[in-house]
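Topology and contacts: notes
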Amino acid sequence: GNTSGKIYQIRIDNSANPSTTAYVKLANSTNAAPATTAPNWVFPVRGGQAMTYIMDTGIAYTAGLSIWCTSYPSTGSQGALGNAISISLLAT
């Protein structure tokens, strides 16, 4: 997205990757580059699981959102998962 707002909830389903942790990364940017941009938020989900993160009062973003997923937590990582994950975001 390319507007400002708040994120209140993110649900990540990594059940299709039973042995690989997914790291969903979000940046307060409309043009983040996954291999070089440091994410503002990182949401890990273990392999074979689904997880819902709830932010009570919301976490604000001002420049829009870029979202990507890797199999490694570090910023420069581009490790791909074997299968697709599902992400649902509740934001205003």
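To be clear, the structure that these remarks concern was listed above.
Values in this document were obtained by computation on a predicted structure and should not be read as measured data. (Residues numbered from 1 in each chain as written. Predicted model: local features only at pLDDT ≥ 70, side-chain atom pairs only at ≥ 80, totals over all residues. Heavy atoms only, no water.)

**Some details on the nonpolar core**
Let me state the cut-off plainly: Put simply, buried Ala, Val, Leu, Ile, Met, Phe, Trp, Tyr and Cys residues joined by side-chain atoms within 4.5 Å make one nonpolar core. In this scheme, a residue with accessible area under 20% of its type's maximum is buried, one over 50% is exposed, and one in between is partly exposed, where area comes from a 1.4 Å probe on protein chains only. Counting from the N terminus, the helices are the DSSP runs of H or I reaching at least four residues and the strands are the DSSP runs of E reaching at least two. In this analysis, two residues are considered to be in contact whenever any of their non-hydrogen atoms come within 4.5 Å of each other.
Within the largest apolar cluster, twelve residues are counted, these being I7, I10, I12, V24, L26, W41, F43, V45, M55, I59, Y61 and L65. Counting residues per element, the ones that place at least two in this core are β1 (5-13), β2 (22-27), β3 (41-45) and β4 (50-61). Setting aside anything within four residues of it in sequence, one finds I59 in contact with G5, K6, I7 and W41.

**Observations regarding the sheet that holds β1**
By definition, the strands of a sheet pair up through backbone hydrogen bonds, in either a parallel or an antiparallel sense. Stated precisely, the cut-off is as follows: Pairing between strands requires that DSSP locate at least two bridges from one strand to the other. Lines fitted to C-alpha atoms define the axes here, with helix axes fitted over just the stretch in contact, and angles between the N-to-C directions of these axes take values from 0 to 180 degrees.
Taken together, three strands build an open sheet; the order of strands is β4-β1-β6 and the sheet is antiparallel. One side of each edge strand has no neighbouring strand; the edge strands of this open sheet are β4 and β6 (86-91). Between one strand and the next, the sheet's axes are offset by a mean angle of 15°, whatever the strand orientation. Here six bridges tie β1 to β6, and the two strands are oriented antiparallel to one another. Looking at the pairing, D13 lines up with S86 of β6.

**Some details on the packing of aromatic side chains**
Defined as follows: In summary, the pairing rule links any two rings of Phe, Tyr or Trp, Trp by its six-membered ring, whose centres are within 6.5 Å, and it sorts them by plane angle into stacked for under 30 degrees, edge-to-face for over 60 and tilted for everything else.
With the rule as written, the count across this model stands at one aromatic pair. Aromatic pair F43 and Y53: ring centres 4.9 Å apart, planes at 55°, arrangement tilted. Residue F43 is located in strand β3, and its partner Y53 is located in strand β4; the two are separated by ten residues in the primary sequence.

**What about the environment of A16?**
Among the structural elements, A16 can be located in the loop between β1 and β2. Taking the relative accessible area as the measure of exposure, A16 reaches 34% and is therefore partly exposed. Sequence-distant contacts of A16, that is, excluding residues within four places in its chain, are made with N83 and A84.

**Considerations on the pairing of β1**
Along any regular strand, the residues point their side chains to alternate faces of the sheet. Summarising the sheet, β1 and β4 pair through eight bridges and their orientation is antiparallel. In the sheet register, I7 faces β4, and the bridge partner there is I59.

**Points about the sheet that holds β3**
A sheet is described by the order of its strands in space; here three strands give the open sequence β3-β2-β5, paired in antiparallel fashion. Two strands in the sheet have a free side with no partner beyond their single neighbour: β3 and β5 (66-70). Going across the sheet, the axis of each strand differs from the next one's by a mean of 20°, ignoring polarity. Examined bridge by bridge, β2 and β5 share five bridges and lie antiparallel to one another. Note that in β5 the partner of Y23 across the bridge is T70.

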